[in-house]
Amino acid sequence: MDRLDEIRQKCLVCRECPLCRYRTNVVFGVGDPESELMFIGEGPGENEDKQGEPFVGAAGRLLDDMLEMIDLDRSRVYIANVVKCRPPRNRDPLGEEQSACRHWLNSQLEIIRPKLIVCLGRIAAAAVIKSDFKITREHGLWFDIDGARAMAMYHPAALLRDESKRPETFVDLRALRAEAKRVCEHLY
Ligand code: URA
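Everything in this summary refers to the structure shown in the same document. The structure presented is a predicted model; accordingly, all values stated were derived computationally and were not measured.

## Some points on the environment of Asn 90
Turning to step 1, where the next piece is worked out: Looking at where Asn 90 falls in the secondary structure, it is placed in the loop between strand E3 (78-81) and helix H4 (95-112).
Turning to step 2, where the next piece is worked out: In sequence terms Asn 90 and Asp 65 are 25 residues apart; their C-alpha atoms lie 23 Å from each other.
Turning to step 3, where the next piece is worked out: Ignoring anything within four residues of it in the chain, the contact list for Asn 90 reads Pro 44, Gly 45 and Glu 46.

## Topic: the pairing of E3
Turning to step 1, where the next piece is worked out: Burial along E3 is two-sided: Tyr 78 and Ala 80 and Ile 79 and Asn 81, pointing in opposite directions, are all buried.
Turning to step 2, where the next piece is worked out: Across two bridges, strand E1 (residues 30-31) lies against E3 in antiparallel orientation. Along E3, the bridge assignment pairs Gly 31 with Tyr 78.
Turning to step 3, where the next piece is worked out: Pairing of strand E2 (residues 37-41) with E3, which is carried by four bridges, proceeds in the parallel orientation. Paired with Met 38 across the strands is Tyr 78, a residue of E3.

## Considering helix H1 (residues 3-11)
Owing to its 3.6 residues per turn, the α-helix aligns residues three or four sequence positions apart on the same side.
Turning to step 1, where the next piece is worked out: Within the sequence span of H1, burial applies to Leu 4, Ile 7 and Cys 11. Buried residues of H1, viewed axially, fall in a sector of 65°; they line one side.
Turning to step 2, where the next piece is worked out: Check the buried side of H1 and you find it contacts E3 and H4.

## Here we look at the site of the ligand
Turning to step 1, where the next piece is worked out: Around the ligand, the neighbouring residues are Gly 41, Glu 42, Gly 43, Glu 48, Pro 54, Phe 55, Asn 81 and His 155.
Turning to step 2, where the next piece is worked out: Separating a nitrogen atom of the ligand from a side-chain N or O atom of Asn 81 is a distance of 2.8 Å.
Turning to step 3, where the next piece is worked out: In this structure, His 155 approaches the ligand through a side-chain N or O atom, which is 2.8 Å from an oxygen atom.
Turning to step 4, where the next piece is worked out: When the ligand is considered free in solution it has 230 Å² of accessible area, and contact with the protein chains removes 91% of it.

Parameters and conventions
Starting from 1, residues in each chain are numbered consecutively following that chain's sequence as written. Given that this is a predicted model, residues contribute local features only at a pLDDT of at least 70 and side-chain atom pairs are listed and counted only at 80 or more, while totals for whole chains, interfaces and linings are drawn from all residues. Excluding hydrogens and water, the side-chain figures rest on all heavy atoms present in the structure. Runs of H or I in DSSP of at least four residues are treated as helices and runs of E of at least two as strands, each being numbered from the N terminus. Contacts between residues were defined by any pair of non-hydrogen atoms, one from each residue, lying within 4.5 Å. The buried label applies to any residue whose accessible area, calculated with a 1.4 Å probe on protein chains only, is under 20% of its type's maximum; exposed applies above 50%, and partly exposed to all values in between. Note on pairing: two strands pair once DSSP finds at least 2 bridges between them. Comment: arc refers to directions from the helix axis out to C-beta atoms. One heavy atom within 4 Å of a molecule or strand is enough for the residue carrying it to be called near that molecule or strand. Polar contact criterion, stated in full: a pair of N or O atoms within 3.5 Å, where within protein one must be able to donate a hydrogen and the other to accept it, and residues adjacent in sequence count only if both atoms are side-chain atoms. For accessible areas, the Shrake-Rupley method is used with a probe of radius 1.4 Å. Any residue's cover is judged against the shown protein chains and nothing else.

Okay, here's the thing in structure tokens:
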């Protein structure tokens, strides 16, 4: 078993925070562990909790479309969340839940070592890039974090709620493709 699988097996039985009481499945992450590009969302929703896979509901279908726009698909990237268990009624994960869960994401980042990280939405950007991240002002900007380049985009669920944000996301996707062509050896 490789290291990521080992961590995954441990994560699947995690009871380190109260979110474990409500979950159907732990949602660890999917995709290519060798990928140079990792997407990080906030936490599982209802469909993800049922299926044990990130971004499989309506927001996930939009994420698939976003990937297709830049000639990628989910088999070529890695997708994970800040918290691995669904918060009740899809509320934002609490600070203490994020802290308790953080070592799983840190292990994923250490093992996968992506060159590029895309945070989907404010919660992921605040957890990964900087705690006072302002998604409306700072989406699409690149930040250097621990040897990787990271940016945030609007969360696909926000794009479903507010279509007026889509043109900005299109610009961010083009910036992502340009940066991936610049720094990644295996994506394009
Ligand atoms: N929203 C997220 O942030 N992550 C998922 O996996 C699904 C919806």
